[in-house]
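Architecture at a glance
One-letter residues, chain by chain:
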Amino acid sequence: MPLRCGPVTVERLGPTTVRLAARTGVVVYLDPAGDVGEPRDSDLVLVTERPDPDAIARIAREDALVAIPEGIDPSGLDRPVERVAPGESFLVGPLDLHTTPAGGADGRATGCGYALTMDGVTAFWPGRTAVFDSHRTMSVDLLLAPVGLEGAMDRRAAADLAETLDLDLVVPVGSESAVDVESFVVDVATRGIPIALEPPAES
């Protein structure tokens, strides 16, 4: 069953694939991979890592915007893409989109995460990244927290970030380890932060 954050529907469709749907009918996919979602379902596709061309071709509408960070190889995608860098802002129809830095613990940004506002709800998917100082000062309602991703913030750093932000909801994304997820859920819940967990749908 999909989760909800206010008027926005949140579905985990795979380890790092999330579908967000606005009340207005606008649909956004984050890092689609594999045989997920519905054909021609998405108005906006946001990629933080190497894209899955087959997944994007399947779920993206003909006029969908596909955003990919500079430095990420878009080969195999048979469609135009929007190359993005950290710190950029866009209006995509009724949606506000802001790119955030993503990278390793050395503090260098090598990719992008995304903060997306739809129906008045701002969802933040940092991607595979350490925590940057700019992440801690964001205005966010929904944190899609990376848990158990190699090269990303660990579950304790993700919980610290969730505590720093004034959130309505946290949804752990990325880990298939029940131990990681359960430990993260307990950590966040004991800090009084609302958290929801729904297993990813089978693809």
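Please refer to the structure higher up on the page.
In this text, all values refer to a predicted model and were calculated from it rather than measured experimentally. (Residues numbered from 1 in each chain as written. Predicted model: local features only at pLDDT ≥ 70, side-chain atom pairs only at ≥ 80, totals over all residues. Heavy atoms only, no water.)

Taking a probe equal in size to a water molecule and rolling it over the atoms shows the remaining empty space. Applying the stated criterion across every chain, the model contains one cavity of 30 Å³ or more. Estimated volume of the largest cavity: approximately 30 Å³. If you trace the largest cavity, you find it lined by L20, L30, L46, Y114, L116, A123, F124 and W125. Going through the elements one at a time, strand 10 (109–118) and strand 11 (121–125) are the ones with two or more residues in the lining of the largest cavity. (1 Å grid on protein atoms, 1.4 Å probe; cavity = no way out; pocket = protein on both sides within 12 Å on 5 of 7 lines; lining within 4 Å. Points joined across faces, edges and corners; volume = space filled by probe spheres on them. Helix = DSSP H or I, 4+ residues; strand = E, 2+ residues; numbered from the N terminus.)

It is worth spelling out the sheet that holds strand 7 (residues 82–84) at this point. Pairing within the open sheet is mixed, and its seven strands lie in the order 1-2-3-4-5-6-7. Looking at the sheet topology across the chains shown, the edges are occupied by strand 1 (3–5) and strand 7. Along the sheet, successive strands turn relative to each other by an average axial angle of 25 degrees, direction set aside. Relative to strand 4 (residues 27–30), strand 3 (residues 18–21) runs antiparallel, the two being bridged by four bridges. When the bridges of strand 4 are listed, R19 appears paired with Y29. (Pairing = 2+ DSSP bridges. Axes fitted to C-alpha atoms, helices over the stretch in contact; angles between N-to-C directions.)

As a further point, take the environment of T122. For T122, the location among the structural elements is in strand 11. Classification of T122 by relative accessible area gives buried; the value is 13%. Considered as a pair, T122 and S139 are 17 residues apart in the sequence and their alpha carbons are 7.6 Å apart. Here T122 is in contact with A115, L116, T117, S139, V140, D141 and L142, once residues within four sequence places are set aside. Here the side chain of T122 touches T117 through a polar contact of 2.7 Å, side chain to side chain. (Buried < 20%, exposed > 50% of the residue type's maximum accessible area, 1.4 Å probe, protein only. Contact = heavy atoms within 4.5 Å. Polar contact = N/O pair within 3.5 Å; in protein donor to acceptor, adjacent residues only side chain to side chain.)

The element strand 12 (residues 142–146) is extensively covered by neighbouring structure, given that five of its five residues are classed as buried. Where strand 11 and strand 12 come together, two bridges link them in parallel fashion. Its bridge partner being in strand 12, F124 is matched across the sheet by L143. Across five bridges, strand 12 lies against strand 13 (residues 169–173) in parallel orientation. The partner of L144 across the bridge, within strand 13, is V171.

A few words on unusual backbone geometry. The phi angle of most residues is negative, glycine excepted, and most peptide bonds adopt the trans form. A positive phi angle, close to 45 degrees, is found at D31, a residue other than glycine. Looking at the secondary structure, you find D31 in the loop between strand 4 and strand 5 (42–46). Look at D119: it is not a glycine, yet its phi comes out positive at around 50 degrees. On the secondary structure map, D119 appears in the loop between strand 10 and strand 11.

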